[in-house]
Amino acid sequence: MLTSRPRVLCLSGHDPSGGAGIHADLEAIAAQGAHALTVITALTVQDSGNVRRVLPQPPAQVAEQVELLLADGPVAAVKIGLIGDAALLPVLVDVIRRAGVPAICDPVLRAGGGTDLSDANLRAGLIEQLLPQLALLTPNAAEARRLMPDAPDLPAAAARLAAAGCRQVLITGGDEPGLDIQNLWRDGAGTLHTLRSPRIDARFHGAGCTLAAAIAGRIAVGDDWGQAIARAQDYTHGTLAAAYAAGQGRLIPKRHLT
Ligand code: PLP
């Protein structure tokens, strides 16, 4: 019998340690019942602890890969992770416009191990060029503060990101203090929702990528935004509760079934 799966077009960095980036996208999206198309925005030199170096890929190469994939069939969602270089932004804007489906972006500004993965040029371009194209931006709290440094608090940062053109914002609180994790979702109508998860006392590599990719996968299989975000958060919690060591650094979310 012929079966098919909705396709999610992922444009993310490659993390050879297998914790974050396109590995996370592929596994988290497959776990939702969708199929990930994996276009690499940047290679990286990293291990399970930190990123040493980012090697952005040529914009023309990314554009050509996407062109062939879009000609091969429709996609149900676009997911963007590490961008690496502002030169890629016009290609990403064009991809989202041509795909004509919701785009979810996890702005990977700094690695959990501390390496800065963005410069001022990329952050400005992200706000000016990419935000108006996005259905959802999923910064962690530190990234939200970095993108909107004058905002007095996280709800204000979410409001300013929305005012810059992004339809919805989910500020994740995994790196914030507190007994539980509180994610703040500003929906398309401007209403704020707090989504809580039990906190697991460990450090993870690729948790943010896992959540954003799972949301894209849930949207691709037909969830509405409220369902997609809640189910992706539950799924991510499960992957963290079952996380495993794959090196000497942080734990890797267990995104696959066995
Ligand atoms: N490398 C790549 C390619 C990523 O996409 C990310 C995060 O999205 C990271 C590294 C950093 O991940 P983490 O902060 O979870 O270590």
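Labelled according to an unreviewed UniProt entry, the protein appears under the name hydroxymethylpyrimidine kinase, originating from Solimonas marina. Under the heading Pathway (unreviewed entry), UniProt records this for the protein: "Cofactor biosynthesis; thiamine diphosphate biosynthesis."

A. Layout of the overall build of the protein. Each helix and strand counted, the protein has 8 helices and 9 strands in total. The C-alpha atoms of the protein give a radius of gyration of 17 Å, which matches the 18 Å a tight globule of 258 residues would have. Along the first, second and third principal axes, the C-alpha atoms of the protein reach 50 × 45 × 35 Å. Across the protein, contacts joining residues at least 24 apart in sequence account for 67% of those joining residues at least 6 apart. Total accessible area computed for the protein in this model is approximately 11,300 Å², and 53% of it derives from carbon and sulfur atoms.

B. A look at the pattern of salt bridges. As enumerated under the stated definition, the model contains 9 salt bridges in all. As a salt-bridge pair, R7 and D72 come within 3.9 Å of each other at their nearest N and O atoms. Taken together, the residues R7 in strand β1 (residues 7-14) and D72 in helix α2 (residues 59-72) connect sequence positions 65 residues apart. D72 sits in the exposed class, given a relative accessible area of 61%.

C. Structural context of the sheet that holds strand β7 (residues 168-171). Ordered in space as β3-β2-β1-β4-β5-β6-β7-β8-β9, the 9 strands form an open sheet in which the pairing is mixed. Each end of this open sheet is capped by a strand with a single partner; those strands are β3 (51-56) and β9 (192-198). Bridge count for β1 against strand β2 (residues 35-46) is 8 bridges, and the pairing is parallel. Within β2, the residue paired with C10 across the bridge is T38.

D. Up close: the environment of G18. Within the element layout of this structure, G18 appears in the loop between β1 and α1 (21-31). Apart from the residues within four sequence positions on either side, G18 is in contact with H23, I252 and R255.

E. Broad picture of the site of the ligand. Taken together, the neighbourhood of the ligand is formed by 13 residues, with Q46, G112, H205, G206 and C209 sitting nearest. Take H205: an N or O atom from its side chain is 2.7 Å from an oxygen atom of the ligand. One of the backbone N or O atoms of G206 is found 2.7 Å from an oxygen atom in the ligand. Out of a free accessible area of 390 Å², the ligand has 92% covered by protein chains. Of the residues belonging to the shell around the ligand, the class tally is 6 nonpolar, 6 polar and 1 charged.

F. Fine view of the UniProt feature "domain: Pyridoxamine kinase/Phosphomethylpyrimidine kinase" (unreviewed entry) in the protein. The UniProt record marks residues 15-250 with the feature "domain: Pyridoxamine kinase/Phosphomethylpyrimidine kinase" (unreviewed entry), using the residue numbering of this structure. Within the segment residues 15-250, helix and strand shares are 40% and 19% respectively, and the terminal C-alpha atoms sit 14 Å apart.

G. Quick peek at the side chain of R186. Along the chain, R186 falls in strand β8 (residues 180-186). Despite its burial, R186 remains without a salt bridge, the nearest opposite charge being carried by D187 at 6.8 Å. Beyond its immediate chain neighbours, meaning those up to four positions away, R186 contacts A158, A159, A162, Q168, V169, T191 and L192.

Scoring rules and cut-offs
- Residues numbered from 1 in each chain as written.
- Predicted model: local features only at pLDDT ≥ 70, side-chain atom pairs only at ≥ 80, totals over all residues.
- Heavy atoms only, no water.
- UniProt positions renumbered as here; feature names shortened; annotations may be inferred.
- Helix = DSSP H or I, 4+ residues; strand = E, 2+ residues; numbered from the N terminus.
- Rg over C-alpha atoms; globule rule 2.2 N^0.38 Å.
- Contact = heavy atoms within 4.5 Å.
- Areas by Shrake-Rupley, 256 points an atom, 1.4 Å probe, with all protein chains shown as cover.
- Salt bridge = Lys/Arg side-chain N within 4 Å of Asp/Glu carboxyl O.
- Buried < 20%, exposed > 50% of the residue type's maximum accessible area, 1.4 Å probe, protein only.
- Pairing = 2+ DSSP bridges.
- Near = heavy atom within 4 Å.
- Polar contact = N/O pair within 3.5 Å; in protein donor to acceptor, adjacent residues only side chain to side chain.
- Nonpolar A, V, L, I, M, F, W, Y, C, P; charged D, E, K, R; others polar.
- Lys, Arg positive; Asp, Glu negative; His and termini not counted.

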